[in-house]
Amino acid sequence: MREGGIRQVIVPSALAYGHAGVSRYDAFKMGLKNPVPRDQDIFYDVEILRCNNVEIELPKNDGSVTGENPKTATFRACCIEENYPCKAPEPNQ
């Protein structure tokens, strides 16, 4: 997805809130505008506002990054406006 791109992400109910859903009280505590019915798929419209290139060192098989010729990779970190500039992704994730 490129900067300025918009996509719709669909989260199936099994991966979202499942059969339990979210009650009005729980929705209020979570800061949601509305409760979520049981077995409801969740739809998100996602827009990438800005991107930046981040270079990180990739760990070796033993988890270390030191030594001769550590591998590096460049990732394109994209985020929403209030989180810009984005933090670099952790190499272990």
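Note that residues are indexed from 1 along each chain, following the sequence as it is written. Side-chain atom pairs in this predicted model are given and counted only at pLDDT of 80 or more, local residue features only at pLDDT of at least 70, and totals for whole chains, interfaces and linings cover all residues. Side-chain numbers come from the whole structure's heavy atoms, not from hydrogens or water.

Draft legend 1. Seen up close, the side chain of Ser-13. Tracing the chain through its elements places Ser-13 in the loop between β1 (6-11) and α1 (24-30). A 1.4 Å probe rolled over the protein chains alone gives each residue an accessible area, and that area as a share of the maximum for its type sets the label: buried under 20%, exposed over 50%, partly exposed in between. For Ser-13, a relative accessible area of 15% translates into the label buried. Note on definitions: a residue-residue contact is assigned when non-hydrogen atoms from the two residues lie within 4.5 Å. With sequence-adjacent residues up to four places away left out, Ser-13 is seen in contact with Gly-18, Asp-39, Gln-40 and Asp-41. For the purposes of this entry, the term helix denotes a DSSP run of H or I that reaches at least four residues, the term strand denotes a run of E that reaches at least two, and both are numbered from the N terminus.

Draft legend 2. Representation of unusual backbone geometry within the structure. One non-glycine residue, Asp-39, lies in positive phi territory at about 55 degrees. You can see Asp-39 is positioned in the loop between α1 and β2 (42-47).

Draft legend 3. Quick peek at the environment of Pro-35. Tracing the chain through its elements places Pro-35 in the loop between α1 and β2. What makes Pro-35 partly exposed here is its relative accessible area of 39%. With 14 residues separating them in the primary sequence, Pro-35 and Gly-21 have C-alpha atoms 7.7 Å apart. With residues up to four places along the chain from it excluded, the contact list for Pro-35 reads Val-22, Ser-23, Arg-24 and Ala-27.

Draft legend 4. Inspection of the confidence of the model for the chain at higher detail. The predictor attaches a confidence to each residue, and that confidence, scored 0 to 100, is pLDDT. For the chain, per-residue confidence averages 75 on the pLDDT scale, and residues scoring 70 or more make up 54% of the total. Least confident of the elements in the chain is strand β4 (residues 72-79), whose mean pLDDT is 62; most confident is α1, at 92.

Draft legend 5. Structural view of the environment of Val-9. Mapped onto the elements of the fold, Val-9 is located in strand β1. According to the relative accessible area criterion, Val-9 is partly exposed, its value standing at 36%.

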